[in-house]
Every structure is written in C-alpha cells, then in structure tokens.
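Residue-level listing of the chains:
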Amino acid sequence: MSHAHVHSEGPSAESLALNHEVSDVRSRPIVWGIVIVFGVLVLSFVLMGIVLAIAAGSITDTSNTLSDNEVTQLQLPPAPRLEQNPRVEGDRIIAEATERLESYGWVNERAGRAHIPIERAMELLLEHGLDVVK
C-alpha cells in the first residue's frame, strides 16, 4: 500500500488519539470572506449617508412652499370622509333610527305615505294579513 492510500481510508490513529484533525483549517478564505462582508457593509453605510444628505438638502429647500390654505386642501381626503368621533355619530344614527321606528310621521305627505311604529305595524300585519300591492 502506498502512503496516499493510507490517508484516504480514514483518520489516522494519531488524530483519533488527539481527538482532533492533524491538518489545520485554511484560514485565508475565511478572513477574505469577513473582509468582503465588512467592506460591503461600510460601502452601504457610506452610500446611505450620501443619499440621506442629498434628500435632506432637497427637503430644506423652501422655494416651493405652499400657503396654509393649499396645505389644508391637500390634506383633506375626498368625500365621504371618516367620522371624527364614530361612537358619538353611531349613537346619533341609532337614536334617529329608533325614533323613526317607534313614532308616527310622514314619508311623503303629498302622496299620502306615512310611517308608523314598527310594533303597531306588526300588530296590523297579524290582524289583517299581508296585502301585496302591485
């Protein structure tokens, strides 16, 4: 058997006795990898600093200022807008609907159409049945 053939079969008795490999790990590729990663990191921070400096210069440029009225018009979304206080508005809507469901009133006085309380309408339906108007 040749000397190369002995090493290709497995670890030698000496490396097993020492509980580690006899040959060292090549550190040059690892060091270069770390250097490249840190180089890219530094380059990205420099480029971000340049971009932020350019953006900050364009933000502080006040040559195109808008009046307060124009700013207010730009900030308002188109109608219908969200309610400022939905709980209060919701309570108001429910109160109006409840009042209409529990009271008498005109829907269209000229046409002779009125609304009645819902409880009374259900009673009338039970007494007279449902007439389909065509």
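The model shown is predicted, which means the values in this text are computed figures rather than measured ones.

Observations regarding the overall build of the chain
- Check the secondary structure of the chain and you find six helices and two strands.
- Within the span of the chain, comprising 134 residues, buried residues form 2% of the whole.
- Residue pairs at least 24 apart in sequence account for 0% of intrachain contacts in the chain once pairs closer than 6 positions are excluded.
- In the structure as shown, the chain presents an accessible area of about 12,800 Å², 63% of it carried by carbon and sulfur atoms.

Observations regarding the pattern of salt bridges
- Tallied over the full model, the rule gives three salt bridges.
- Residue arginine 92 is joined to glutamate 89 by a salt bridge in which the shortest nitrogen-to-oxygen separation is 2.9 Å. You can see arginine 92 and its partner glutamate 89 sitting in helix H5 (residues 86-101), three residues apart, about one turn around the helix.
- Residue glutamate 89 is classed as partly exposed on the basis of its relative accessible area of 28%.
- Through salt bridges with shared partners, a single network forms among Glu89, Arg92 and Glu96.

Focus: the confidence of the model for the chain
- Looking at the chain as a whole, its pLDDT mean stands at 79, while 69% of the residues score no less than 70.
- Overall, residues 1-7 carries pLDDT values under 50, and its contacts beyond four positions in sequence, including any with other chains, amount to one contact.

Section: the pairing of strand S1 (residues 105-108)
- Judged from the three bridges that link them, S1 and strand S2 (residues 113-115) form a sheet pairing that is antiparallel. Among the inter-strand pairings, glycine 105 is bridged to a residue of S2, identified as histidine 115.
- Where S1 folds back on S2, the antiparallel hairpin that results is connected by four residues, among which glycine 112 adopts a positive phi of roughly 80°.

Criteria and cut-off values
- Residues numbered from 1 in each chain as written.
- Predicted model: local features only at pLDDT ≥ 70, side-chain atom pairs only at ≥ 80, totals over all residues.
- Heavy atoms only, no water.
- Helix = DSSP H or I, 4+ residues; strand = E, 2+ residues; numbered from the N terminus.
- Buried < 20%, exposed > 50% of the residue type's maximum accessible area, 1.4 Å probe, protein only.
- Contact = heavy atoms within 4.5 Å.
- Areas by Shrake-Rupley, 256 points an atom, 1.4 Å probe, with all protein chains shown as cover.
- Salt bridge = Lys/Arg side-chain N within 4 Å of Asp/Glu carboxyl O.
- pLDDT = per-residue confidence, 0-100.
- Pairing = 2+ DSSP bridges.

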